[in-house]
Amino acid sequence: MHNCCEEPPIPKSLLVEHREGLLIGACCNDGEIMNALANGCDGEVLLDAAQFYDYFEIAPGKNLQEINLRIARTAEKLGKPVIATSNARYLTQDYALSHKILRHCFKQPEDTNEWWHFRSTEELLDNFSYLGEELCYKAVIANAQLLADMCEEFELFPKGRHFPATKESAENLTALC
């Protein structure tokens, strides 16, 4: 539970240590690449930082269009997919006020982004149309499916009973009974 309430919740050093079998995405909101681009980072420095990631997320928002285009160009140079996300925090825009209230209750900074509701495929295609038809289709549909295909399927809730086992299990059960 170390780092559970810190930013970032998983240090990059820990990801590197356990990287095998993981797909690492450059998140679209407040991540390393997004912040680097927002602070004017470009060229080889940006490409070196971006090399770490397997794919890049972009999020809707009029204030993010230029950064999203730069992320898409960076991903293209590295031959890595760009995936458009809703970056959803709640189901519909009607929940925006509830989200703001919760953020306030937990003493989180005020959030001015009204774009954090779930979007349909059609809405995402519309939100990212500025990318051009081909890149928009790839980011919203094709690359999302590509990422899904890279993930192994597993049963989230295996059938049967799965009791915790520790070195002291037998002794603990004996003491309880």
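As the structure is a prediction and not an experimental result, all values here were calculated from the model.

(A) Expanded view of the overall build of the protein chain. Across its full length, the protein chain holds eight helices and three strands. Secondary structure elements of the protein chain, listed N to C terminal, follow the sequence α-β-α-α-β-α-β-α-α-α-α. In the protein chain, buried positions account for 32% of the 177 residues. Long-range contacts, defined here as pairs at least 24 residues apart, represent 67% of the contacts in the protein chain between residues at least 6 apart. Here the protein chain has roughly 12800 Å² of accessible surface; of this, 56% comes from carbon and sulfur atoms.

(B) Looking closely at the pattern of salt bridges. Applying the stated criterion to the full structure yields six salt bridges. Across the pair Glu-66 and Arg-73 runs a salt bridge whose closest N-O atoms are separated by 3.6 Å.

(C) Structural view of the side chain of Arg-119. Assignment of secondary structure puts Arg-119 in the loop between helix H5 (96-105) and helix H6 (121-127). Nearest to the buried, unbridged Arg-119 among oppositely charged side chains is Glu-123, at 6.1 Å. Within the structure, Arg-119 has its side chain in polar contact with the side chain of Asn-127 (distance 2.7 Å). Ignoring any residue separated from it by four or fewer positions in sequence, one finds Arg-119 in contact with Pro-60, Ser-86, Leu-124 and Asn-127.

(D) Expanded view of the nonpolar core. By size, the foremost hydrophobic cluster in this structure holds 28 residues, and its most contacted members are Ile-33, Tyr-53, Phe-56, Ile-58, Ile-71 and Phe-128. Of all the secondary structure elements, the ones that give two or more residues to this core are helix H2 (32-38), helix H3 (43-50), strand S2 (55-58), helix H4 (65-78), strand S3 (82-84) and helix H7 (133-150). With residues near it in sequence (within four places) discarded, Phe-128 still touches Ile-58, Ala-59, Pro-60, Asn-68, Ala-84, Thr-85, Cys-136 and Val-140.

(E) Inspection of H3 at higher detail. Taken together, the buried positions of H3 are Leu-46, Leu-47 and Ala-50. Along H3, the residues classed as buried sweep out an arc of 100° about the axis, all on the same side. Turned more than 90 degrees away from the buried face of H3, the exposed residues are Glu-44, Val-45 and Asp-48. Against H2, S2 and H4 lie the buried residues of H3.

(F) View of the packing of aromatic side chains. Across all of its chains, the model carries three aromatic pairs by this definition. One aromatic cluster is present, built from ring pairs that chain together Phe-52, Tyr-53 and Phe-56. When the ring centre of Phe-52 is taken as origin, the NZ or CZ atom of Arg-19, which lies over that ring, is 4.8 Å away.

(G) Fine view of H7. With 18 residues, H7 should cover 26 Å at 1.5 Å per step; its first-to-last C-alpha distance of 24 Å lies within 8% of that length. The largest bend in H7 is about 45°, located at Ala-139. Buried positions along H7 lie against S2, S3 and H6.

(H) Representation of the confidence of the model for the protein chain within the structure. On average, residues of the protein chain score 83 in pLDDT, and 89% of them are at 70 or above. Every residue in residues 1-6 scores below 50 in pLDDT, and together they form two contacts with partners more than four places removed in sequence or on other chains.

(I) Representation of the sheet that holds S2. Taken together, the three strands give an open sheet; going across it, the order is S1-S2-S3, and neighbouring strands pair in parallel fashion. Every other strand in the sheet has two partners, leaving strand S1 (25-26) and S3 as the edge strands with one partner each. Relative to S2, S1 runs parallel, the two being bridged by two bridges. Bridge pairing in S2 places Ala-26 opposite Phe-56.

So, how was this worked out
Residues numbered from 1 in each chain as written. Predicted model: local features only at pLDDT ≥ 70, side-chain atom pairs only at ≥ 80, totals over all residues. Heavy atoms only, no water. Helix = DSSP H or I, 4+ residues; strand = E, 2+ residues; numbered from the N terminus. Buried < 20%, exposed > 50% of the residue type's maximum accessible area, 1.4 Å probe, protein only. Contact = heavy atoms within 4.5 Å. Areas by Shrake-Rupley, 256 points an atom, 1.4 Å probe, with all protein chains shown as cover. Salt bridge = Lys/Arg side-chain N within 4 Å of Asp/Glu carboxyl O. Lys, Arg positive; Asp, Glu negative; His and termini not counted. Polar contact = N/O pair within 3.5 Å; in protein donor to acceptor, adjacent residues only side chain to side chain. Core = buried A, V, L, I, M, F, W, Y, C linked by side-chain atoms within 4.5 Å. Arc of directions from axis to C-beta. Phe/Tyr/Trp six-rings, centres within 6.5 Å; stacked < 30°, edge-to-face > 60°. Lys NZ or Arg CZ within 6 Å of the ring centre and 35° of its normal. Expected span 1.5 Å × (residues − 1). Bend = angle between axes of the 7 residues up to and from the residue. pLDDT = per-residue confidence, 0-100. Pairing = 2+ DSSP bridges.

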